[in-house]
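Overview (structure and organization)
Each chain, written out:
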Amino acid sequence: MRVKSASGFSLFEFLVVVTSIALLGGVLLERVRFYQEQAEKAAMEQMVGALRSALRLQIAERLSKGRQGLAELLGQNPMDWMIGKPLNYPGERPSAEPGKASGGSWYFDRRDRCLVYVVGNGRHFAPNAVGRKEVRYQVQPFIGGKPQAAENPADKQVIDGVALVLLEPYQWF
C-alpha cells in the first residue's frame, strides 16, 4: 500500500515566508520615507530658487528706474513677489509660534521679517539653535559687496543690491 504524501506548506515554511515578506515590507517603507524626505528638501530648495528669481526680477525693475526703491525690498514678504503663492503657504504670522505651523509649510514671520519653512519629514534634519525644525530666510541688503543685517535699512550707505539670505545654516542629510 502506498502512502500519499501531503502537499502544501508546513507551518515552519509559512512562518519563513511571512517573516520574509514583513522584512521586505519594512525595508520598502523605510526607503519610501527616506525618499519622501529627500523630495521635501528638494521642493523647499526649488521654492527658494523661485523666490530668488522673483527677487532678481524685482531688483531689475527697480534698477531700470535708476536704483530707486531697492531699500523698499528689505523686510518685504518674498511670497508677495510670486504670481501664485504655493499651496503650502498659509500666509503671514505675527511671530514664530511653536507648533502653530504645520510641517512642510512656509509662513512669513512679521516680527522678525523673515520667511520660514517648517520641516515636515525631518528625521535627518538637525534642529536649529532653539530646537525647532525650520529654515529661515530674510531679504538683506548688500553694501560694499557684503550682506548686512536688515534691521538697519541702509539709510547711511548706498545699497549695492539685495539678496534672499539663509539666516542660520541647516543640516539636512
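All values reported here derive from a predicted model rather than from experimental measurement. (Residues numbered from 1 in each chain as written. Predicted model: local features only at pLDDT ≥ 70, side-chain atom pairs only at ≥ 80, totals over all residues. Heavy atoms only, no water.)

1. Points about unusual backbone geometry
- One non-glycine residue, Arg113, adopts positive backbone phi at about 55°.
- One can find Arg113 in the loop between β2 (105-109) and β3 (114-118).
- The backbone of Phe173 sits at a positive phi, close to 85°, despite the residue not being glycine.
- Within the fold, Phe173 resides in the segment after β6 (161-166).
- For Phe173, a relative accessible area of 36% corresponds to the partly exposed category. (Helix = DSSP H or I, 4+ residues; strand = E, 2+ residues; numbered from the N terminus. Buried < 20%, exposed > 50% of the residue type's maximum accessible area, 1.4 Å probe, protein only.)

2. Thoughts on the packing of aromatic side chains
- The final tally for this structure, using the stated rule, is six aromatic pairs.
- On the numbers, 5.4 Å between centres and 70° between planes, the contact of Phe34 with Tyr35 is edge-to-face.
- For Tyr35, a relative accessible area of 48% puts it in the partly exposed group.
- With a centroid separation of 5.2 Å and an interplanar angle of 85°, the aromatic rings of Phe34 and Phe173 are classed as edge-to-face. (Phe/Tyr/Trp six-rings, centres within 6.5 Å; stacked < 30°, edge-to-face > 60°.)

3. Details of the side chain of Glu37
- Residue placement: Glu37 occurs in helix α1 (residues 11-63).
- Although Glu37 lies buried, it forms no salt bridge, and the closest oppositely charged side chain, Arg123, sits 5.0 Å away as judged by the N-O distance.
- Polar contacts involving the side chain of Glu37 include one to the main-chain amide nitrogen of Arg123, which spans 3.3 Å. (Lys, Arg positive; Asp, Glu negative; His and termini not counted. Salt bridge = Lys/Arg side-chain N within 4 Å of Asp/Glu carboxyl O. Polar contact = N/O pair within 3.5 Å; in protein donor to acceptor, adjacent residues only side chain to side chain.)

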